[in-house]
Amino acid sequence: MNAAELDIALEGESTLRLDMRGPCAAADGLRLQPRGRGRERALVAHTERVGDALRARVSVEQLLAAQAVRWDVRLAAGDRDEPLRARPQQGERHFFSTRLGEHGLSAYLSDSAESLVLYSAPRDQHARVMADENARANFPRWLHELPLREDLVLFESFLGKTYAGNPRYLYEALHPARPDLQCVWAYQGNETIPGNPPRVRRGSAEYYRVLAQAKYRVNNVLFPVHGRKPETVYLQTWHGTPLKRLGYDIEVAGPEADARDNLRREAASWSVLLSANAFSSQILPRAFGYDGPVMEAGYPLADALHVPFEHPDARAAALRALGLPQDRRYLLYAPTWRDDQPIGAWRFGFDLQLDLARVSAALAPDQVLLLKTHHLVAAQLDSAQLPDNVIDVSARDDVTELCRVSDILITDYSSVFFDFAVTGRPILFFCYDLDHYAERIRGFYLDVPGDLPGPVSRDTDELIAHLHDLPAITAAHAERYAAFRARFCERHAGATARVIEQVFGARA
């Protein structure tokens, strides 16, 4: 159906009235489906014809749940229904809003289908969400109206969830080198940031104003809105050399394939894409639908791995900062997420598969296994159930910090091994679902296991065998490891200085 003209009003404090004119007149009724809940939880509105309008009334008491609820409004016709596409009066994104006791209730149009959504939540939460979403809707206007700030740099890493990756290591070099620049971090975590820069909460009104005005942007994923001023310099650092297929190179359905058009729109705002090597310079632009400049300068985060500890006591200091014992050798297990295990919006489950009890028993007395799950994994391990020589470090923002102190890396399809290879230390691969991942999830750019710099294990027994025979395994893969480093890691040394010089230049 085409979009309906819509008026929403409150009758007293007990009833929400919706008057709809246009194509919806043929509908039999209205149904409100709570997002993420079963169809049996839907509300059926009382409807009647009033002239050329379809009028629906909904009980406010039923709408105001104890927790936040998004209600998708759907038109019913026989045994079928479809989203109610509407044309409300001009205004904010939340074009209707009211407070009812300790709750707030508002209406807006969905991003995907421009269909009607009702949002109810406890009052403070509702006000915060509504303000954030209205600010997002105002971003195009702010981008046009607010003046450019020549000294402002906005940093963001992994959707504002971490102080990590290339943005972190670029900032830590830029901040002392260019004190004339005002660096701001979009970050809602607890890590201490050197220099104590201002922080903004991703998605807040302040965040969108900074995004609109900053002369420089640095990100390793994407911002929630697209577009920039012509004078803005947007450095996209990305977050790894790809083993698994990305964007338009993915040939099967899944969340990454669904998101690629959004990433292509974001890529239109990039001033320059940072690449770690010639391989990435070829793959990333094609996968992202990007046709702009590529800076093949290496990754700033790899500088920390290339010469990890310049002073004798630096490793001890790094271990203290991580809360890890000093007199241990560390194995880091850092697997990636699985596209086929969604449990929410960009949140995924995690099947460990690795038998931690048996790995624990196989470790030497001075060895400890560090477990770092991906930032998109929502599942949490019960630390109390872990063996004494296994530590869950998933709460740490930055996997590079863990790579610096680790003697061995165990991973699967995560790009972390491309960075860890800078160290020359052993890399083992635990790929229990290799065939499934290759054929049903993403697929790969390289031959697994033929091109990897270490052996591939399919189960816990095989991994333990590789750990016990590590010297022989390392020797057997030495030539392949050297070729891998020459192909993928040669640009990393000195990358930070090159990026700063090319993007920010010297202080005026």
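Just above sits the structure.
Residues numbered from 1 in each chain as written. Predicted model: local features only at pLDDT ≥ 70, side-chain atom pairs only at ≥ 80, totals over all residues. Heavy atoms only, no water.

Colleague: Before we go on, may I ask you to explain the pairing of strand β22 (residues 367-371) in this structure?
Modeller: The side chains of a regular strand alternate between the sheet's two faces. With five of five residues buried, β22 lies mostly within the body of the structure. Side chains Gln 367, Leu 369 and Leu 371 project from β22 onto one buried face, and the interleaved Val 368 and Leu 370 project onto a second face that is buried too. Here five bridges tie strand β19 (residues 329-333) to β22, and the two strands are oriented parallel to one another. Within the sheet, the bridge partner assigned to Leu 331 lies in β22 and is Leu 369. (Buried < 20%, exposed > 50% of the residue type's maximum accessible area, 1.4 Å probe, protein only. Helix = DSSP H or I, 4+ residues; strand = E, 2+ residues; numbered from the N terminus. Pairing = 2+ DSSP bridges.)

Colleague: Please explain the sheet that holds strand β23 (residues 390-392) as it appears in this structure.
Modeller: Within a sheet, neighbouring strands are paired by backbone hydrogen bonds and run either parallel or antiparallel to one another. Taking strand neighbours across the sheet as the criterion, the six strands line up as β23-β22-β19-β24-β25-β26 in an open arrangement whose pairing is parallel. For this open sheet the edge positions go to β23 and β26 (456-457), each flanked by a neighbour on one side alone. Summarising the sheet, strand β25 (residues 427-430) and β26 pair through two bridges and their orientation is parallel. Residue Phe 429 lies in a different strand from β26, and its bridge partner there is Val 456.

Colleague: Sorry if this is basic, but what is going on with the nonpolar core here?
Modeller: A general trend in soluble globular proteins is that nonpolar side chains are found buried together. Counting residues in each nonpolar core, the largest one holds 100 residues, and the members touching the most others are Leu 154, Leu 243, Phe 288, Phe 417 and Phe 504. Look past the residues within four positions of Leu 243 in its chain and what remains in contact with it is Asp 412, Tyr 413, Phe 417, Phe 418, Gly 443, Phe 444, Tyr 445, Leu 446, Val 448 and Leu 452. In terms of nonpolar packing, the next biggest core, distinct from the first, is built from 30 residues, Leu 18, Ala 45, Leu 75 and Leu 109 among them. (Core = buried A, V, L, I, M, F, W, Y, C linked by side-chain atoms within 4.5 Å. Contact = heavy atoms within 4.5 Å.)

Colleague: Explain the environment of Tyr 171 here, please?
Modeller: Along the chain, Tyr 171 falls in helix α3 (residues 165-177). Along the primary structure Tyr 171 and Gln 182 are separated by 11 residues, whereas in three dimensions their C-alpha atoms are 11 Å apart.

Colleague: Just to check I follow, could you spell out the packing of aromatic side chains for this structure?
Modeller: What describes a pair of aromatic rings is the distance from one ring centre to the other and the angle between the planes of the rings. On inspection of all chains with the given rule, the structure shows 25 aromatic pairs. Between Phe 155 and Tyr 171, the ring centres sit 5.5 Å apart and the planes meet at 75 degrees, which makes this aromatic pair edge-to-face. Within this pair, whereas Phe 155 is found in strand β12 (residues 149-156), its partner Tyr 171 is found in helix α3, the two being separated by 16 residues in sequence. Accessibility assignment for this pair places Phe 155 and Tyr 171 in one class, buried. Ring centres of Trp 270 and Phe 288 lie 5.6 Å apart, and the angle between their planes is 90 degrees; this geometry places the pair in the edge-to-face category. Here the residue Trp 270 occupies a position in the loop between α5 (255-267) and β17 (272-275), and Phe 288 occupies one in helix α6 (residues 278-288), the gap between them amounting to 18 residues. With respect to class, Trp 270 is no different from Phe 288; both count as buried. (Phe/Tyr/Trp six-rings, centres within 6.5 Å; stacked < 30°, edge-to-face > 60°.)

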